[in-house]
Amino acid sequence: MLELTDTHCHVNLPEFDSDRQQVFARAKDSGVYRLLIPGVDLESSAYAVQLAESHPAVYAAVGIHPHYAKSWDDDSSQALRLLAASPKVAAIGEVGLDYYRNLSPPEIQRRVFQAQLELASELSLPVIIHQRDSIHDILDTLDEYKKVLPVELEQRAGVLHAFSADADCASSAVEKGFYLGVAGPITFRNAEGLRSVIRKAPQDRILIETDSPYLTPAPHRGERNEPMHVVHVAERLADLLELDLAQLTQITSGNANRLFRWCDETADSHIS
């Protein structure tokens, strides 16, 4: 039995309201033994924590996505701090910058990103970073963040989720103590550039994820994504790195364990 880890799935969103328990069950049946659910705003962060506390092998991240950065106010940091007090919170996220949609003004995105990096440093939690058309501003910000990281985060600062930049950016992120999240696009027919970047990346810095309900991998493109589909990401990555699936699973789940330092589990831990 595989022991896959989906390190980024939004099963806290309304797209899963009609069949969330079945989604967990299908993930388990497909060999997924651990999930991490990031928030995108305060409401979804609170629900991620609720789900994590209800399922032994499910963990949460809490944060405000750049799309919702304009919702940030004087109380937001304290609200996230209180949510992060749960032992099932493994990271601050999903945070970052998105200059593609710009649903919040860029200057507000940058301010809120910085505030959440400061919170992550205070709490000694890794960060889950969203980056779209913003990788150079992200890396510049992380250059400064690296200088104030607690010692225990120096090699586990976080992950650049659904990584899509070039090899130089990948090397820069790894040098700063970050992991690279590999999602459905690695399976896309026109993604040879991404595959070339990931092929050269250190294997001990790669995570797999679905970003459910988004970024559905082949052969299910056009359908709602869900955690069970992380096996397709794993299969394509294993082929790319010339590993068998069991080896790839062991490597990526081990990487996730080191980054997130999951709570100890009992023998009967389960998702569903």
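Residues numbered from 1 in each chain as written. Predicted model: local features only at pLDDT ≥ 70, side-chain atom pairs only at ≥ 80, totals over all residues. Heavy atoms only, no water.

The next point concerns the sheet that holds strand β7 (residues 178–182). Strand order across the open sheet formed by 8 strands is β1-β2-β3-β4-β5-β6-β7-β8, with parallel pairing between neighbours. Of all the strands in the sheet, just β1 (4–6) and β8 (206–208) have a single pairing partner and so form its edges. Adjacent strand axes in the sheet meet at a mean angle of 25°, parallel and antiparallel pairs treated alike. Across 3 bridges, strand β6 (residues 158–160) lies against β7 in parallel orientation. The residue of β7 that forms the bridge with Val159 is Tyr179. Its contacts with the sheet put helix α6 (residues 167–175) on β6 and β7, and the angle it makes with β7 is roughly 135°. (Pairing = 2+ DSSP bridges. Helix = DSSP H or I, 4+ residues; strand = E, 2+ residues; numbered from the N terminus. Axes fitted to C-alpha atoms, helices over the stretch in contact; angles between N-to-C directions. Contact = heavy atoms within 4.5 Å.)

So, on to the nonpolar core. Side chains that are nonpolar tend, in soluble globular proteins, to be buried together. Counting 75 residues, the largest nonpolar core has Ile92, Ile129, Leu142 and Phe163 as its most contacted members. The greatest single-element share of this core, amounting to 8 residues, is contributed by helix α8 (residues 230–241). Apart from residues lying up to four places away in sequence, Phe163 is in contact with Gln131, Ile135, Cys169, Ala170, Leu180, Gly181, Leu194 and Val197. In this structure, Ile128, Val159, Tyr179 and Ala256 belong to the second largest nonpolar core, which totals 13 residues. (Core = buried A, V, L, I, M, F, W, Y, C linked by side-chain atoms within 4.5 Å. Buried < 20%, exposed > 50% of the residue type's maximum accessible area, 1.4 Å probe, protein only.)

So, about the pattern of salt bridges. Here the structure, examined in full by the defined rule, presents 13 salt bridges. Across the pair Glu144 and Lys147 runs a salt bridge whose closest N-O atoms are separated by 3.2 Å. Remark: Lys147 and Glu144 occur in helix α5 (residues 135–147); sequence separation between them is 3 residues, near one turn of the helix. A residue is classified by how much of its surface remains accessible, and Glu144, at 48% relative accessible area, is partly exposed. A single network of salt bridges, built from pairs that share partners, joins Asp19, Arg26, Arg224 and Glu226. (Salt bridge = Lys/Arg side-chain N within 4 Å of Asp/Glu carboxyl O.)

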